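One letter stands for each residue in the lines below.
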Amino acid sequence: MVSDQIKETEQLEDIREIVEKIGSTRADLIPVLQEITNKFGYISQLAIKELSDLMSLPTKEILSVATFYRMLSTQPRGEHIIQFCESAPCHVVGGREVFSALQDALGLEPGQTSADNKWTLLTTSCLGVCGIGPVILVDTDMYGNVTSDQVKNILSRYD
Ligand code: FES
């Protein structure tokens, strides 16, 4: 219980530092939420309440922004985030087969996190590198021209 309180205190301190660094106006909300997602993996209820105080914004507004953007999350995510491009140019060059292989290998539907908290599988719109589709982004590592045969090998790099 005491360690939970310490963790909460540390989280609040980190949130205050993020707001000090980025800013506390309405226009700063998305970058602040992005930084909180990067740091903690998701935006907790505690974070939303604290941001409401620090940025003088209603919690409802913060929650609505936090749940609108795919790059933000109000749910805990896995250690590695896999983003699969589901836009048409990647789709027509074999994206569907690669995505099936990815789902089979992970046993996950889009938006789900594995029971061991290792993986979160997300779909995304165009990542801006259509010339090398199908494309998978694992954390910040981009894989292009991916075939379904390569999926297991790519995942094994994160063991
Ligand atoms: S359509 Fe997949 S990267 Fe552009």
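Quick notes on the rules
Residues numbered from 1 in each chain as written. Predicted model: local features only at pLDDT ≥ 70, side-chain atom pairs only at ≥ 80, totals over all residues. Domains from an automatic or database assignment. Axes fitted to C-alpha atoms, helices over the stretch in contact; angles between N-to-C directions. Helix = DSSP H or I, 4+ residues; strand = E, 2+ residues; numbered from the N terminus. Parallel < 35°, antiparallel > 145°, perpendicular 65-115°, else oblique. Left-handed = near helix turned anticlockwise from the far one by under 90°. Contact = placed C-beta atoms within 7 Å. Nonpolar A, V, L, I, M, F, W, Y, C, P; charged D, E, K, R; others polar. Buried ≥ 20, exposed ≤ 12 C-beta atoms within 10 Å, placed from the backbone.

K.L.:
Sorry, what's going on with the domain arrangement of the chain here?
P.N.:
When the parts come together, some accessible area is lost, and that loss is often what is quoted as the size of the interface. When the domains of the chain are assigned, the result is domain 1 (2-68) and domain 2 (80-156). With centres defined by C-alpha atoms, the gap from domain 1 to domain 2 works out at 29 Å.

K.L.:
Can you walk me through the packing of helix α2 (residues 29-40) against helix α4 (residues 59-68) in this structure?
P.N.:
The geometry of a pair of packed helices is captured by two quantities: the angle between their axes and the separation between those axes. One way to put it is that α2 packs onto α4 with a least axis distance of 11 Å and a crossing angle of 65°. Classified by the angle between their axes, α2 and α4 sit roughly perpendicular to one another. Where α2 crosses over α4, the handedness of that crossing is right-handed. Together, Leu29, Ile30 and Leu33 of α2 and Ile62, Val65 and Ala66 of α4 make up the contact between the two elements. Its residues placed into classes, the contact of α2 with α4 shows 6 nonpolar, no polar and no charged.

K.L.:
Explanation requested: the environment of cysteine 90 in the structure shown.
P.N.:
Among the structural elements, cysteine 90 can be located in helix α5 (residues 88-106). Its 27 C-beta neighbours within 10 Å are what place cysteine 90 among the buried residues. Distance in space between the C-alpha atoms of cysteine 90 and serine 125 is 9.8 Å, their sequence separation being 35 residues. Once residues within four sequence positions are removed from consideration, cysteine 90 is found in contact with Cys85, Gly95, Cys130, Gly133, Pro134 and Val135.

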